[in-house]
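Chain residues, written in single-letter form:
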Amino acid sequence: MSETVREKKLYGLTAEFDSPEALIVAAEKIRDAGYRDIDAFTPFPVHGLTEAMGVKRSWLGWLVLLGGVLGGSGGLYLQYWINVIEFPVNIGGRPFFSWPAFVPVIFECTVLGAALFAVFGMFGLNGLPRPHHPIFDAEGFERASDDRFFIAIEAGDPCFDFEETRRFMNGLQAMAVTEVYSDDV
Amino acid sequence: MSEHENIKPVDDLGPLIGPDYTYSSVGDKVSSIALGGRHPLPWFVVLGFAGLLVGLLFFSITFLIAKGVGLWGINIPVGWGLAIINFVWWIGIGHAGTLISAILFLFKQDWRTSINRFAEAMTLFAVACAGMFPLLHLGRPWLFYWIMPYPNTMKMWPQFRSPLVWDVFAISTYALVSLMFWYTGLVPDLASMRDKATRKVQKIAYGIFAMGWRGSARHWHRYEIAYLLLAGLSTPLVLSVHSIVSLDFAVSVLPGWHATIFPPYFVAGAIFSGFGMVCTLMIPIRKLYGLEDIITTRHLNTMAKIMLATGLMVVYGYSMEAFFAFYSGNGFERFMMHNRMTGPYGFFYWMLIFCNGLSIQLLWFRKVRTTPLMLWILSIVVNIGMWLERFVIVVTSLHRDFLPSSWDIYVPTFWDWALYVGTIGFFLFNIVIFVRWLPIISIFEVKELIHKNKHARRSHE
Amino acid sequence: MSAGIQNAIYRIRKIALAAAVLGTAAALVGFFSAREDFYRTYLISFLFWWGISLGSLALIMIHHVAAGRWGFAVRRICEAAIRTLPVMIVLFLPIYLSRYNIYGWLGHSEGPHHEVVDAKRLYLNDGFFTVRAIGYFVIWLLMGRFLVGRSYRQDENGDPSINRGLARLSAPGLIVYMLTVTFASVDWAMSLEPEWFSSMYGILFVAGQALSVLAFSIILLTRLRREEPLAGILKPVYFHDLGNLMFAFTVFWAYITFSQYIIIWAGNLPEEIPWFMNRSGRGLVGVAVFLTVFHFAVPFLIMLSRLSKQRAHIIRVMAIWMFAVRFVDLYWIISPAFNPKSLHLHWLDFVMPFAVGGIWMTVFCTLLAKRPILPQHDPRFPLRQQEK
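Reading the values: rules and limits
Here the residue index of a chain counts from 1 through its sequence in written order. The order in which chains are written sets their letters, starting at A; the order in which ligands are written sets their numbers, starting at 1. Side-chain atom pairs in this predicted model are given and counted only at pLDDT of 80 or more, local residue features only at pLDDT of at least 70, and totals for whole chains, interfaces and linings cover all residues. To obtain the side-chain values, all non-hydrogen atoms of the structure were included, while hydrogens and water were left out. Pairing of aromatic rings covers Phe, Tyr and Trp, the last through its six-membered ring, and needs centres within 6.5 Å; plane angles under 30 degrees mean stacked, over 60 mean edge-to-face, and all others mean tilted. With a 1.4 Å probe rolled over the protein chains alone, any residue whose accessible area is under 20% of its type maximum counts as buried; one over 50% counts as exposed, and the rest are partly exposed. Only when the NZ of Lys or the CZ of Arg is both within 6 Å of the ring centre and within 35 degrees of the ring normal is a charge said to sit over the ring. Per the convention used, a helix needs a DSSP run of H or I reaching at least four residues, while a strand needs a run of E reaching at least two, with both numbered from the N terminus. Should any heavy atoms of two residues lie within 4.5 Å, those residues are counted as being in contact. Whether two strands pair depends on DSSP finding at least two bridges between them. Helix axes are fitted only over the stretch in contact, all axes being lines through C-alpha atoms; the angle between N-to-C directions runs from 0 to 180 degrees. When two components associate, each loses some accessible surface as probed by a 1.4 Å sphere; the sum of these losses over both components is called the buried area. Salt bridge, as used here, is a side-chain nitrogen of Lys or Arg placed within 4 Å of a carboxyl oxygen of Asp or Glu. In this classification, the charged set is Asp, Glu, Lys and Arg, the nonpolar set is Ala, Val, Leu, Ile, Met, Phe, Trp, Tyr, Cys and Pro, and all remaining amino acids, among them Gly, are polar. Relative orientations are named as follows: roughly parallel for angles under 35 degrees, roughly antiparallel for angles over 145 degrees, roughly perpendicular for angles from 65 to 115 degrees, and oblique for any other angle. Handedness of a helix crossing follows the sense of rotation of the near helix relative to the far helix, less than a right angle counterclockwise being left-handed and clockwise being right-handed. Two kinds of site are reported from a 1 Å grid over the protein atoms alone, namely cavities, where a 1.4 Å probe fits but cannot get out, and pockets, open sets with protein on both sides within 12 Å along at least five of seven lines, and residues are called lining when an atom falls within 4 Å of a point. Grid points are joined across faces, edges and corners, and a volume is the space filled by probe spheres set on the points. Nonpolar side chains (Val, Leu, Ile, Met, Phe, Trp, Tyr) within 5 Å and like charges within 9 Å form the patches, drawn only from residues with over 30% relative accessible area and no salt bridge. Where accessible areas are quoted, they stem from the Shrake-Rupley method and a 1.4 Å probe; at the residue level, only the protein chains shown are allowed to cover. Whenever a pair of cysteine sulfur atoms sits within 2.5 Å, that pair is classed as a disulfide. Residues belong to a common nonpolar core when they are buried Ala, Val, Leu, Ile, Met, Phe, Trp, Tyr or Cys residues joined through side-chain atoms within 4.5 Å. For each domain, the first and last residues come from an automatic or database assignment.

### A look at the packing of aromatic side chains
All names here are of chain B.
- Tallying each qualifying case throughout the model produces 99 aromatic pairs over all chains.
- Where F144 meets Y145, the ring centres are 6.0 Å apart and the plane angle is 85°; that geometry is what we call edge-to-face.
- With relative accessibility at 40%, the residue F144 sits in the partly exposed group.
- For Y145, a relative accessible area of 35% puts it in the partly exposed group.
- A centroid spacing of 5.0 Å and a plane angle of 80° characterise the contact between F414 and W415, whose relative ring orientation is edge-to-face.
- By relative accessible area, W415 is classed as buried at 18%.
- Here the aromatic residues W89, W90, Y345, F347, F348, W387, F391, W417, Y420 and F427 are joined through ring pairs into a cluster of three or more.
- We note R436 situated over the ring of W437; from NZ or CZ to the ring centre the distance is 4.9 Å.

Next up, the structure:
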């Protein structure tokens, strides 16, 4: 690394692997060593990785449920208010509150609400869009979307100690262990 | 536990993906179509041809807005005509995309991964084409927003007992959810393209739309939950959309439209025609870009089987329509069916039976299912057949209704056809553009599949 | 067949036999004391258990075509249920012999709509009704014989080509199943109100049968799962799959039921709407609401959660639940044709399902106990590898 990079702040240490299996083994070791501020970067979702890292199941599902309930009840209220309260019109002698006719729109609104919460909730909880992240400064990181599997221990972790963590990561049988400096930390 | 661990396929069609692919090579292969910039001659031919048709589309829309719907062949009693036929046809085509990406995902059908991206794109473009027709059919399309519930100076509101209002909600929800589903699926691949791109412009463009995706494990975790939930939401959504389209007809009291079987029968027809369109487009593309080992014969075979199954459901629908027209004991119902089979449009009815009922019987033969050319021709026949089905349902039910004094014959005019052909051009144009700039195969999902296969092979040994 | 499974099945058979004997005695009392209610409840009960035999036919053919993992678990149960079809012929005889008392259109044409019924005479006449009934049973027996026979033969010789033969019959077989069940449902149930028609009707029966047989097999499998050899093989994942299927058909049932309702409600035509009017009188609205809530909404929410799919006992409770409400649904469809516009319950309503069911179950258990509970030599389902 050049001298200018050295002036940037330390983001953390990354280890690079060439298979998901090796990554999971490493993640378990890192978790068991007590590190919490860790993250892995993979080209595709690797099953068992979040468990190996000790990440709790996301509550996104409940958010989506909320979106569905809001959408559905909103759809019902919209139709009820319009066709019963605000603008009641006799259509072919059908009651103002024609619940069978309201079902399709209630259903569509439920799905729409839930889907909006799912997509925006997912990206929101992930903190995206975020054009730049320190990890992008890691060497060879462009292959994290191709065929390499990275795991990083952040410098902010309470257990993080540069020398010791580095020694620990060297023992993970990684292809490479690199330190990541960034001006974006 | 995955499906593979218990059940071994007993045929000899080979794996879902060529055995020599690695994580990297599959990414290279797919992204090189968009990044490489070298395209086969047919790409330019289709682009030019589609571009001309898009010109025709814009011209006929302009002329229509200037002159009004009197340009078309519609008149009382046939007030719906080609506009609604094409609308239903396009919407139906879109449904296969959602089916492939959502329902097959829920059923853990691995073969979907090679075609879902493309099929979803097809959905979006088909819905865009479909949406034009009801809007232009309004007569004053610039006032389309009147059908939306919003506070206005007229103090008027839509009334929700009309299926046409349900349609507005269904189609716009469907378009929006399909877009989000498609884009969500694209984000990791866009990130991959961003990292692979060598030109600055490409890097920036893909980078913006990738939103800074970095493949974090925590992100993937939420991503997978969201994707599963979206699939779970899209599945009933796609059924509801075509059911609501069918209710446009079925909640009326017109013989030929008012039939309780319409919702599932329309849904089956939509999936049938959608798979027809997927085959029509996929077979040439896999050939042109040499993707035969990602979209394999096994894929064609499976899609053909689904076409056969849904086609038979549609035939069940035809049989029930005919039987219950008789069984109703109602003179008008019986006349409708008699007129449909032997009246002035009888030829189209029997053509549709030929296209959707008889021709697909060839799909019982494995030889036909696994020969790309035969399947391709058959898929075009199915597309035509499903268009004819909507034509027969719309026109024969309307043109001779209860009152013989108002019977009439409907003949589409040049402008009817121009708009229809124009939307086909618009659809193709979008497809061609999509193939040029975006990954047409879901890279990360294929990598997942490779990973899974490696696992299965290892545990097998 | 291991002794543990066999004993468990025989224990069920003992209860079934008791229900059959007591139920038949009670039904005979009902036959002489309340003839009308006997016909009504017998028809409902027959259609319910017939639905399980026929639904098994469909499920097993879907399994042969689609080769889902779940199919291996339910295969023998379905095959035994298919083999009860000869008993269904005997159980159909009381309906056939009393057809003039059950089906109004067979008697004189009278009432306000008789000309509509007369217009259907080509289809609704005694001779054709008889020919069709014979035809249905012959077709089902032949299909069942082929499907079950081939599958048993594979147990003995392990010939892998049998799979292909089964799949080859099952694909067209499903079409035959759809059509025969549709027309049988028109003949035996829809024609109770001969003026009325609905092209969705056949699919309602098809979906109902699928749901019943799924619920039935889950109940039985969860009962037998602790016995060898099932204990080593029936991992939770099988119940997960079966639970998902039951969930899918619950939603599908709601979808088609509502679709039929909204179309007829919106049309409000004099030849169609009476069917719903007959089913919405005093008490019957309550049944309809009950079905909406407990045949759809509540099971939907319970089965939707991930938790329920991972625990076999929740799936078992849901299966028992769905099995019971299937009967309520059939009651709602059939019973008001006899007693329109108000809820009509007789003690036979509670006895008859057990009488017919007892007979059916006795035969079913006998057949089930005769064969190994899992397919032995299906190349796609290697038993030895499973047990590991």
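So, next bit.
### Considerations on unusual backbone geometry
- Put simply, A:L128 and A:P129 share a cis peptide bond, and its omega is 0°.
- With respect to the helices and strands, A:P129 occurs in the loop between helix 5 (99–125) and strand 3 (149–154).
- Between B:I76 and the following residue, B:P77, the backbone shows a cis peptide bond with an omega angle of 10°.
- Structurally, B:P77 can be placed in the loop between helix 2 (41–67) and helix 3 (81–106).
- Positive phi, normally seen in glycine, also occurs at C:N268, with a value near 55°.
- With respect to the helices and strands, the residue C:N268 is situated in the loop between helix 11 (236–267) and helix 12 (273–278).
- Of note in the backbone geometry, C:K341 takes a positive phi value of approximately 75° without being a glycine.

### Section: the side chain of B:T235
- With respect to the helices and strands, B:T235 occurs in helix 7 (residues 217–250).
- Apart from the residues lying within four places of it in its own chain, the contact partners of B:T235 are B:A102, B:I103 and B:L106.

### Re the sheet that holds strand 4 (residues 176–182) of chain A
Residue and element names in this part refer to chain A.
- Taken in spatial order, the four strands make up an open sheet running 2-3-1-4, and their pairing is antiparallel. Each of the sheet's edge strands pairs with one partner strand only, and the pair in question is strand 2 (38–41) and strand 4. Each strand axis lies, on average, 25° off the axis of its neighbour in the sheet, ignoring direction.
- The sheet contact formed by strand 2 and strand 3 spans four bridges and is antiparallel. Following the sheet pairing, I38 is matched in strand 3 by I153.
- Seen against the sheet, helix 2 (residues 20–32) touches strand 1 (9–17), strand 2 and strand 3 and runs at an angle of roughly 15° to strand 3.

### So, the interface of chain C and chain A
- Counting from both sides, the interface comprises six residues of chain C and, opposite them, eight residues of chain A.
- Around 620 Å² of area is buried between chain C and chain A when both sides are counted, 73% of it from carbon and sulfur atoms.
- Where chain C meets chain A, there are zero salt bridges.
- For the side of chain C that touches chain A, the element with the highest residue contribution is helix 11 of chain C, accounting for five residues.
- For the side of chain C that touches chain A, the per-class residue count stands at five nonpolar, no polar and one charged.

### Re the interface of chain B and chain A
- On the side of chain A, 67 residues touch chain B, which itself brings 54 residues to the contact.
- Carbon and sulfur atoms supply 69% of the area that chain B and chain A bury against each other, a total of about 5500 Å² over both sides.
- For chain B, the biggest contributors to the area lost against chain A are B:W157, B:R161 and B:R214; these three give 16% of the whole.
- The tally of links from chain B across to chain A stands at three salt bridges.
- With a closest N to O distance of 3.8 Å, B:K447 and A:D146 form a salt bridge.
- The element best represented in the side of chain B that touches chain A is helix 7 of chain B, accounting for 18 residues.
- Classifying every residue of the side of chain B that touches chain A gives 29 nonpolar, 13 polar and 12 charged.

### Quick look at the pattern of salt bridges
- Going through the model one piece at a time under the given rule, you end up with 24 salt bridges over all chains.
- Across the pair B:E445 and B:R112 runs a salt bridge, and its minimum N-O distance is 3.1 Å. Of this pair, B:E445 sits in helix 15 (residues 443–460) while B:R112 sits in the loop between helix 3 and helix 4 (116–137), and the two are 333 residues apart along the sequence.
- By relative accessible area, B:E445 is classed as buried at 7%.
- Through salt bridges with shared partners, a single network forms among C:R75, C:R76, C:E79, C:D155, C:E156 and C:R371.

### Comments concerning the packing of helix 2 (residues 35–66) of chain C against helix 8 (residues 161–188) of chain C
Residue and element names in this part refer to chain C.
- At a minimum axis distance of 8 Å, the contact between helix 2 and helix 8 shows a crossing angle of 160°. Taken together, the axes of helix 2 and helix 8 lie roughly antiparallel to each other. As for the relative orientation of helix 2 and helix 8, their crossing is left-handed in sense. Of helix 8, the residues touching helix 2 (which contributes L43, F46, L47, W50, L54, G55, A58, M61, I62, H64 and V65) are L166, A167, S170, A171, G173, L174, Y177, V181, A184 and W188.
- Taken together, the residues of the contact of helix 2 with helix 8 sort by class into 17 nonpolar, four polar and no charged.

### Some words on the layout of surface pockets
Residue and element names in this part refer to chain C.
- Estimates place the volume of the second largest pocket at around 930 Å³.
- F48, W49, F323, P353 and F354 are the residues nearest the centre of the second largest pocket, which is lined by 27 residues in total.
- Here the residues of the lining of the second largest pocket sort into 22 nonpolar, two polar and three charged.

### A closer look at a nonpolar patch on the surface
- Side chains of B:L135, B:L138, B:F144, B:Y145, B:W146, B:M148, B:M154 and B:M156 sit close together on the surface and give an oily, nonpolar patch of about 750 Å² of accessible area.
- Considering the arrangement of structural elements, one finds B:M148 in the loop between helix 4 and helix 5 (163–196).

### Details of empty space enclosed by the protein
- What the rule picks out here adds up to seven cavities of 30 Å³ or more.
- Approximately 140 Å³ is the volume found for the largest cavity.
- Forming the walls of the largest cavity are 15 residues, and the residues nearest its centre are B:H258, B:A259, B:F324, B:E333 and C:S199.
- Elements supplying a minimum of two residues to the lining of the largest cavity: helix 9 (297–327) and helix 10 (331–342) of chain B.

### Observations regarding the state of the cysteines
Residues and elements named next belong to chain C.
- Considering all chains together, one arrives at zero disulfides over all chains under this definition.
- C365 forms no disulfide, and the closest cysteine sulfur to it belongs to C78, at a distance of 14 Å.
- Since its relative accessible area comes to 1%, C365 is described here as buried.

### Observations regarding the nonpolar core
- Counting residues in each nonpolar core, the largest one holds 341 residues, and the members touching the most others are C:F46, C:W50, C:W188 and C:F364.
- Both domains that furnish three or more residues to this core are identified here as domain 1 (2–58 + 132–182) and domain 2 (64–125) of chain A.
- Beyond its immediate stretch of four places on either side in the chain, C:W50 contacts C:M88, C:W140, C:V181, C:A184, C:W188, C:F205 and C:Q209.
- Within the second largest apolar cluster, nine residues are counted, among which are A:F41, A:F150, A:A152 and A:V180.

### Some words on the environment of B:L254
All names here are of chain B.
- Tracing the backbone through its elements, the reader meets L254 in the loop between helix 7 and helix 8 (262–288).
- For the pair L254 and I433, spaced 179 residues apart in the sequence, the C-alpha separation amounts to 42 Å.
- With residues up to four places along the chain from it excluded, the contact list for L254 reads S397, L398, D401 and F402.

### Observations concerning the environment of B:D416
Residues and elements named next belong to chain B.
- Within the secondary structure layout, D416 lies in helix 14 (residues 414–437).
- Overall, the relative accessible area of 2% leaves D416 in the buried class.
- Along the backbone, D416 and L82 are 334 residues apart, and their C-alpha atoms lie at a distance of 6.5 Å.
- Setting aside anything within four residues of it in sequence, one finds D416 in contact with W72, G73, L82 and Y410.

Purely geometric stuff here, so don't read any function into it on its own.
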